[in-house]
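Chain and residue survey
Each chain, written out:
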Amino acid sequence: ILGFDTIGTCTGGSKAGQGCTEDSFCTGGSCTINPTKNASFALGQPNATGTGACNGDNTTKAAATNGSLCLVPYPAQISPLEGPRGGQIARDSSRNIYVVDTFNNRVIKYNDPFANDKLADAVWGQADMTSRLCNKGQPSPSKSSLCTGAIDEKPYAYFFTSAVDVSPDGQQIWVADSGNQRVLKFKPGQTDAQLVLGQSGYTSSVDGCGDPEGPAMCTPTGVAYDSARNTLYVMDGRTFGPELSTGRILVFHNPTGDGQAPDAIWTLPAGSTFLWPRGLTLEPGTGALWVNDTDNGRALRFVNGVVTHILGDNDLVPDGGCNISNPVFVPPHIVCSPHGTMGIDRDGKIYLPNLVTELVAKFAAPVALGAPAAAEPVGAMFDQPGRNNHVYANHVGPTGLANPGYVQFVGTQMVVADRYRIVFWNNYNGSSTSGAAANGVLAQNDLTSQEQGGYNQFAQFTSLAYDASRKLLYATHGPWISIWSVPTGVVDRAPPTVQFSYGDLITAAGA
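So, a few notes on the structure that sits alongside this text. If you're wondering where the values come from, they're calculated on a predicted model, not measured in any experiment.

**Quick look at the nonpolar core**
Among the nonpolar cores identified, the biggest contains 29 residues, and Tyr233, Ile249, Leu289, Phe302 and Leu311 are the most heavily contacted of them. Apart from the residues lying within four places of it in its own chain, the contact partners of Phe302 are Ile249, Trp266, Leu268, Phe274, Ala288, Leu289, Val291 and Val307. With 15 residues, the next largest nonpolar core counts Ala90, Tyr98, Trp124 and Val196 among its residues.

The following block contains the structure:
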């Protein structure tokens with residue numbers, strides 16, 4: 001989790017040039033996002049660069065610590081690129097941060113990490129800061145256990161997201177305990193939950209997906225608590241397994257009794273459905289509820305169960321994607337797979353995290369449902385060269401790799417198939433080249449791109465071969481084979497000499 005003291009600088013106004021996060025701070029000016037600004041600190045890792053492992057090591061079931069997080073579903077996936085997870089983060093009025101540490105099966109609290117250290121200060125769901133098992137290793141849940149991420153014990157798709165919310169005074173902590181099909185309320189300083197919803201008791205974990213009218217929940221993945229109206233909203237439902245459920249919002253007014261039934265259930269109108277919704281956010285002041293309808297590529301604003309405004313496509317058609325012809329090459333800033341908590345600042349500006357584009361897009365306002373055009377972003381965080389228009393993390397560029405799949409050597413050159421491009425380093429075995437920028441690229445216009453689709457035919461490079469006798473470099477990508485003539489070595493941005501698909505092949509006999 002990255003923390004930013006500011007996200008940009010004031011343009012115009014009496015505070016021009018000062019760091020800012022909101023337009024109103026700039027007194028007559030506006031806050032312009034710096035898309036390449038470094039984070040001030042990181043939570044869950046020893047620093048903000050170079051580390052990204054679950055509890056320090058994705059290849060072992062390492063113990064948790066007060067300085068670690070585990071947001072990757074290892075051992076099924078050991079790389080953050082394979083299984084990124086979005087989740088809700090909560091903050092109370094004292095600037096304390098609450099996080100579901102998904103695959104450590106716990107909720108942890110950081111006491112104002114902007115002013116204090118970056119270590120967790122309180123834990124729920126585990127007896128201490130080093131334990132991490134689902135339900136503390138017991139076969140059934142209890143008042144003090146959680147199961148937010150346990151792919152060895154529960155169906156894998158239960159744990160695509162997580163959620164926690166807290167009242168402004170920090171006295172009510174609400175947790176979506178998805179693996180146990182329930183929502184719990186905790187209090188600070190107490191390890192036992194004070195209330196359970198979605199189950200008849202604390203040791204029950206009945207799967208409610210097959211009985212939508214029953215008391216049990218169906219994989220709850222979102223919670224939002226409106227303290228001003230004493231109302232709890234829960235997102236539950238799933239889109240996998242024999243009991244297909246497309247998602248619904250459960251509304252609990254004055255939640256006080258264990259196993260209490262919801263007072264209302266909100267769904268989308270006939271002909272429309274949620275698709276893997278992953279995140280609820282309350283709009284300050286109005287109490288309107290925002291839902292990240294993740295795999296439909298949109299965020300929806302509900303008032304009393306009715307959608308009034310939208311970010312993304314400006315209708316309720318269940319598109320099932322990012323509403324573009326080829327989601328691999330997405331335009332900058334499009335609403336595409338929004339996850340977790342939406343940010344709404346004191347000016348009402350909206351910050352929407354997009355998993356696919358690796359951006360946090362800023363919107364001045366949403367549009368009314370059915371408006372002539374979709375809302376356009378006015379800026380974005382993490383909008384760095386080499387990250388625009390594609391789905392690859394960690395700023396690819398000339399010194400990074402999107403997801404390398406094959407390495408070949410052409411004389412003293414090292415050639416790497418890296419998704420939609422081929423990059424190479426000259427004199428790869430020279431000690432001075434360690435960590436250096438690549439010397440050239442094939443199938444892209446420059447070393448900061450992955451989105452160009454000319455010579456790669458919009459297919460990923462999957463293997464390389466070098467014919468030393470004929471001085472030819474071969475590459476496969478989808479149904480295509482490209483061949484470069486390299487008599488003096490690979491040349492930057494050279495077009496392939498020959499390119500053909502499987503339909504062009506003939507046997508040696510000519511058939």
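Moving on from the coordinates now.
**Some words on empty space enclosed by the protein**
The full count for this structure, using the stated rule, is two cavities of 30 Å³ or more. When its volume is computed, the largest cavity comes out at roughly 90 Å³. Every residue lining the largest cavity is counted, 13 residues in all, and those nearest its centre are Thr161, Thr221, Gly237, Trp276 and Pro277. Its residues assigned to classes, the lining of the largest cavity comprises six nonpolar, five polar and two charged. By volume, the second largest cavity amounts to about 40 Å³.

**Some details on the pairing of strand 29 (residues 404–410)**
In terms of strand pairing, strand 29 meets strand 30 (residues 413–418) through six bridges, oriented antiparallel. Bridge assignment links Pro404 to a residue of strand 30, and that residue is Asp418.

**Observations regarding a nonpolar patch on the surface**
A grouping of Val407, Phe409 and Tyr428 is seen on the molecular surface, where their side chains present a nonpolar patch of about 250 Å² in accessible area. Within the secondary structure, Val407 is located in strand 29. Assessed through its relative accessible area of 42%, Val407 is described here as partly exposed.

Cut-offs and rules
- Residues numbered from 1 in each chain as written.
- Predicted model: local features only at pLDDT ≥ 70, side-chain atom pairs only at ≥ 80, totals over all residues.
- Heavy atoms only, no water.
- Core = buried A, V, L, I, M, F, W, Y, C linked by side-chain atoms within 4.5 Å.
- Buried < 20%, exposed > 50% of the residue type's maximum accessible area, 1.4 Å probe, protein only.
- Contact = heavy atoms within 4.5 Å.
- 1 Å grid on protein atoms, 1.4 Å probe; cavity = no way out; pocket = protein on both sides within 12 Å on 5 of 7 lines; lining within 4 Å.
- Points joined across faces, edges and corners; volume = space filled by probe spheres on them.
- Nonpolar A, V, L, I, M, F, W, Y, C, P; charged D, E, K, R; others polar.
- Pairing = 2+ DSSP bridges.
- Helix = DSSP H or I, 4+ residues; strand = E, 2+ residues; numbered from the N terminus.
- Patch = residues over 30% accessible without salt bridge, like charges linked within 9 Å, V, L, I, M, F, W, Y side chains within 5 Å.
- Areas by Shrake-Rupley, 256 points an atom, 1.4 Å probe, with all protein chains shown as cover.
- Salt bridge = Lys/Arg side-chain N within 4 Å of Asp/Glu carboxyl O.

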